[in-house]
Each structure stands twice: as structure tokens, then as C-alpha cells.
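Residue-level listing of the chains:
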Amino acid sequence: MQRRTFLASGAASAAALAAPSVFAQGAAKLTPIKFTLDFRINGQTAPFFLAESKGYYKDEGLEVTIDTGAGSVASITRIASGVYQLGLGDISSLIEFNAQNPGTPVVQAVYQYYNRAPFVIIGRKDRGVTGEFKSLQGKKVAAAAVESTRRAWPMVARKQGMKPDAFQWQTTDFSARDNVMVRGDVDAATYFHDSAVSLFARMKSDELAVLKYSDAGVNLYGNAILASSNLIAQNPKAVAAFLRATNRAIVETFANPAPSIAAMRQREPILDPKVELDRWNITAQYVGAADTRAHGLGDIRKLTLEQQVDEVAEVFSLKTKPSADAIFNSSMLPARSERSIKA
């Protein structure tokens, strides 16, 4: 009953936030959009700040507010509650959320940002962690309480023939992971691969083993741009406008990331541009993964998503299984010709 009440109130709030389309009223009035990042401001999401600083959102008739996030899982509940209309959130977690809240989805993915999830566990070689996931057996692994890399671990365990509890989790705040790794309080820690740049700056690469979930045969889409279903229904033009502006900035960032890093630092001047450029260069490997050469940035292969739904449903023993169409709505994507990475 509480869940139904939460969803009902969330829908009402989201409806209130979904302002009438600026496209129907003329260009003088901008449509307000609240967008939540998955985490802190850094090079991973630099293109969004390029779109903001160069006026691409305003050119599309939008007044976009970009806020920091509390994790790629939390973004889903922020949007479902109606506090935010758009945000970055994890696809596997969205599958689980929609399965637990059957019926018309309150949140859908509308642009696949990470074409492959950048999930990794990074271990200390001096603690016996090697390039094999089975070397984590009996180890102590740091992770935040609610984060997608930790949530997806059972999928890796299943593929590797390991038990989900093969090692001991040590719940650690995101900001403390590097410290507990450097001090040796833990043997390994979960990361988004691009988030580990800060760790790489403090420990030598030959001291660390990077275990990629994708190398374990776990073929997952990662964080996507998510939208409130109320906004999609009431103002799809605003969603399409946001995606056009953002996609334009993403394509430009692939061609030359420096302006995006500079735009990001307008919000966070303390950040080191070299570190954030290194971070983006890792991010780019996952945003512009091999599939994007065929279908362009932001889109998916439906079969791959269906397989991900099956995997999530089985690993988490979901009672219902949402369809791929309920998870991902491609109707507002920019034209395919606009979503190509320029060589």
C-alpha cells in the first residue's frame, strides 16, 4: 500500500513539474527541466556541462538545472518521486524497479549513455588479487551500500561459477573507497572504471588488478538518460529537445574533449583538468562502445536489452519481468545521422 501511495504521489508531482510545452507557446518562455546526475560532477559527465555552457539547452527552449547525484540507483527514485524529470540512472536497477512496480512504467530510459556498463572490481595484487575473479574468494571488498556495481555482482558470480557471497563486503562511502584501498583496509573495491582515475593517481598501475565485468561475460548496458513517464506523455518535445542538445555535446566531446572539461570546471574549478581528461578517455570507451558504430550513440540492440532483462530477473528472482519496450523508449532520440561519432 505504501508503494502505491508513493507512486501515486510521485506521478502527481511529476505531472506538476512537466510544464506546458514551450514549443506550443513560443520561444520566449523556456521550459524548466531538473536533471540529476548519477554522482558528483567530473569528466564522466562533462558533455552535459558543455551543452549547458554553450547554450544548447536554451537553443532548444529549455532551462536546465543540473544537480549532483547520490548514485545511479538513487536517480531512479528521484525521478519516480517527481522531484526530478530527467537524470542518469542504471538500466539493471531500472529493470528491477519496474519489475517491483508493475503496470505503466513511471520511469523509462530514453538515451543509452553508457553503451556498456563500466563496472569493475579493482584489487591489490599484494593481497593476492589477480586478473581472475576467483582470486577474490575470501577477500574483503569495499563498496557503497547502494550502487549498481555491487548490485550486479551476482551476475558475475553466476557466470564465473562462484557463490554470490564468495567474499566479504565492507560497506564504505563512495568518497572513502580510495582511502581504504591505499591504506590496505580492504583487498579490493568496486568502481565505475572511469571513477577509479583518482585511485590510479595514488597507486601504481602494476600494483592493481582491474577486473572488468564485461570480461566475465556480463554484457550489460550501464547508465542511461532516464525520463519521467509523465514528462514523456505530456511534453515529449521537451525530452527530444534535451536529447538533441545533449547528443550534440556528446558528439563534440568525442571530437575534442577539452572544451567539455573546461565547461565542467566552470562548476567545479577545483578539479584537475588532466585527471578529468583521463577520466573522460575511459568513459568514452564505454559510451562509444562497438555497438554504437552500427546504431549510433544513445540507442540499443533490443535483443541485448532483452537478455539483460532475463539476467536481472533470474539473478534477483523477480516475480514479474518488464518488457524491453517498457524499459527503453527510443521514440525521442535524435536522427541516426546526428548520433555518429566523428572520426
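For the structure itself, consult the block above.
## Let's talk about the pattern of salt bridges
A full pass over the atoms with the stated rule returns 15 salt bridges. With a closest N to O distance of 2.9 Å, R158 and E314 form a salt bridge. Of this pair, R158 sits in helix α8 (residues 153-160) while E314 sits in helix α16 (residues 302-315); the two residues are 156 residues apart in sequence, bridging distant segments of the chain. Here R158 falls in the partly exposed class, since its relative accessible area comes to 40%.

## Topic: the packing of helix α3 (residues 46-53) against helix α12 (residues 236-255)
It is at 8 Å that the axes of α3 and α12 come closest, and there the two elements cross at 115°. One way to sum up the angle between α3 and α12 is to call them roughly perpendicular. Handedness of the crossing formed by α3 with α12: right-handed. Residues P47, F48, L50 and A51 of α3 lie in contact with α12, whose contacting residues are F242, A245, T246, A249, I250, E252 and T253. Of the residues in the contact of α3 with α12, the class split is 8 nonpolar, 2 polar and 1 charged.

## Overview of helix α14 (residues 273-287)
Along its 15 residues, α14 runs 20 Å from first to last C-alpha, staying within 8% of the 21 Å computed at 1.5 Å per residue. Among all positions of α14, only E276, R279, W280, I282, T283, A284, Y286 and V287 are buried. The N-capping residue of α14, defined by a side-chain oxygen 2.9 Å from the backbone nitrogen of K274, is D272.

## A word on the sheet that holds strand β7 (residues 168-171)
Spatial strand order, β7-β6-β8-β5-β9: 5 strands in an open sheet with mixed pairing. Both outer strands of the open sheet, β7 and β9 (208-212), are each paired with one neighbouring strand and no more. Along the sheet, successive strands turn relative to each other by an average axial angle of 30°, direction set aside. Pairing between strand β5 (residues 119-124) and strand β8 (residues 188-192): 5 bridges, direction antiparallel. From the neighbouring strand, I121 faces β8, where its bridge partner is T190.

Calculation criteria
- All chains use their own residue numbering, which begins from 1 and follows the written sequence.
- Restriction of local features to residues with pLDDT of at least 70 applies here, the model being predicted, together with a cutoff of 80 or more for giving and counting side-chain atom pairs; totals for whole chains, interfaces and linings are based on all residues.
- By convention in this description, side-chain values take in all heavy atoms of the structure and omit both hydrogens and water.
- Should a side-chain nitrogen of Lys or Arg be within 4 Å of a carboxyl oxygen of Asp or Glu, the pair is scored as a salt bridge.
- Strands here are runs of E lasting at least two residues and helices are runs of H or I lasting at least four, both read from the DSSP assignment and numbered beginning at the N terminus.
- Partly exposed describes any residue whose relative accessible area lies between the buried limit of under 20% and the exposed limit of over 50%, with all areas from a 1.4 Å probe on protein chains only and scaled to the type maximum.
- Structural elements are reduced to axes, namely lines fitted to C-alpha atoms, with helices fitted over the stretch in contact, and the angle between N-to-C directions of any two is expressed from 0 to 180 degrees.
- Any angle that falls under 35 degrees is termed roughly parallel, while one over 145 is termed roughly antiparallel, one within 65 to 115 roughly perpendicular, and all others oblique.
- Should the near helix be turned counterclockwise from the far one by less than a right angle, the crossing is left-handed, whereas a clockwise turn marks it as right-handed.
- Whether two residues touch is decided by their heavy atoms; if any such pair falls within 4.5 Å, the residues are in contact.
- Three classes are used, and their members are as follows: Ala, Val, Leu, Ile, Met, Phe, Trp, Tyr, Cys and Pro are nonpolar, Asp, Glu, Lys and Arg are charged, and the others, Gly among them, are polar.
- A helix is expected to span 1.5 Å multiplied by its residue count minus one.
- Polar contact criterion, stated in full: a pair of N or O atoms within 3.5 Å, where within protein one must be able to donate a hydrogen and the other to accept it, and residues adjacent in sequence count only if both atoms are side-chain atoms.
- Following DSSP output, two strands are said to pair if at least two bridges run between them.

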